[in-house]
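The residues making up each chain are set out below.
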Amino acid sequence: MNILALDIGQKRTGASFVDTSHNVPVPLPTIHHTSRNTCITSIIKLINERSIDHVVIGMPYLLSGAEGKQARYIRGIVRDIPFPKHISYSYIDERYSSPREKSLDADAEAALVLLQMYLDKNS
């Protein structure tokens, strides 16, 4: 199974990928976008290029657990993605997923943390 994790933002979206037959998650280049449409187009391109079966999306709940403005923005983006019928997706709480070390690509690293959380939860 090929899994794509996304940390969707207003201008940048971190991405990471794993082929579960190898179980080695890898960060992908951060997606830079200027609009919802360019974000969605870039996500669909990644899904097709990597033959994705499942997409994990980081959900930035407020500390209270409620959904704020950013969570609603992400749900709107996901709702507008024309996922092929065979692809499933799930949300994962990203409140405590921020990378602990500074890296050259913090967005991709955040997506990698989300992917590892998903794999740990579902193994």
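Here is what the cut-offs are and how they apply
Residues numbered from 1 in each chain as written. Predicted model: local features only at pLDDT ≥ 70, side-chain atom pairs only at ≥ 80, totals over all residues. Heavy atoms only, no water. Pairing = 2+ DSSP bridges. Helix = DSSP H or I, 4+ residues; strand = E, 2+ residues; numbered from the N terminus. Axes fitted to C-alpha atoms, helices over the stretch in contact; angles between N-to-C directions. Contact = heavy atoms within 4.5 Å. Phe/Tyr/Trp six-rings, centres within 6.5 Å; stacked < 30°, edge-to-face > 60°. Buried < 20%, exposed > 50% of the residue type's maximum accessible area, 1.4 Å probe, protein only. Salt bridge = Lys/Arg side-chain N within 4 Å of Asp/Glu carboxyl O.

Section: the sheet that holds strand 5 (residues 88-93)
Sheet architecture is open: five strands sit in the order 3-2-1-4-5, paired in mixed fashion. Of all strands in the sheet, those bounded by a partner on one side alone are strand 3 (26-32) and strand 5. Taken over all neighbouring pairs, the strand axes of this sheet differ in orientation by 25° on average, direction set aside. By the bridge criterion, four bridges tie strand 1 (residues 2-8) to strand 4 (residues 54-59) in an arrangement that is parallel. Its bridge partner being in strand 4, Ile 3 is matched across the sheet by His 54. Taken strand by strand, helix 1 (residues 36-49) contacts strand 1, strand 2 (12-19), strand 3 and strand 4, and its axis lies near 160° from that of strand 1. Where helix 3 (residues 106-121) meets the sheet, it contacts strand 1, strand 2, strand 3, strand 4 and strand 5, and its direction lies at approximately 40° from that of strand 2.

Points about the packing of aromatic side chains
Each aromatic ring pair is summarised here by two numbers: the centre-to-centre distance and the angle between the ring planes. Taken as a whole and judged by the stated rule, the model has two aromatic pairs. Note on Phe 83 and Tyr 89: the rings are 4.9 Å apart at their centroids and 20° apart in plane angle, and the pair reads as stacked. When the centroid spacing of 5.9 Å and the interplanar angle of 90° are considered together, the rings of Tyr 89 and Tyr 91 count as edge-to-face. A relative accessible area of 24% places Tyr 91 in the partly exposed class. Taken together through their ring pairs, the aromatic side chains of Phe 83, Tyr 89 and Tyr 91 make up a single cluster.

Focus: the pattern of salt bridges
Per the counting criterion, the structure on display carries five salt bridges. For Arg 12, the salt bridge identified is with Asp 107, shortest N-O distance 2.6 Å. Residue Arg 12 is found in strand 2, and its partner Asp 107 is found in helix 3; the two are separated by 95 residues along the sequence. We classify Arg 12 as partly exposed; its relative accessible area is 43%. On the basis of relative accessibility, which here comes to 15%, the residue Asp 107 falls in the buried class. With its nearest N and O atoms 2.7 Å apart, the salt bridge here joins Glu 67 to Arg 75. A relative accessible area of 29% means that Glu 67 is categorised as partly exposed. According to the relative accessible area criterion, Arg 75 is partly exposed, its value standing at 27%.

Notes on the environment of Ala 110
In this fold, Ala 110 is placed in helix 3. Classification of Ala 110 as buried rests on a relative accessible area of 8%. Considering only alpha carbons, one finds Ala 110 and Asp 7, 103 residues apart in sequence, at a separation of 6.6 Å.

In short, geometric facts, not functional conclusions.
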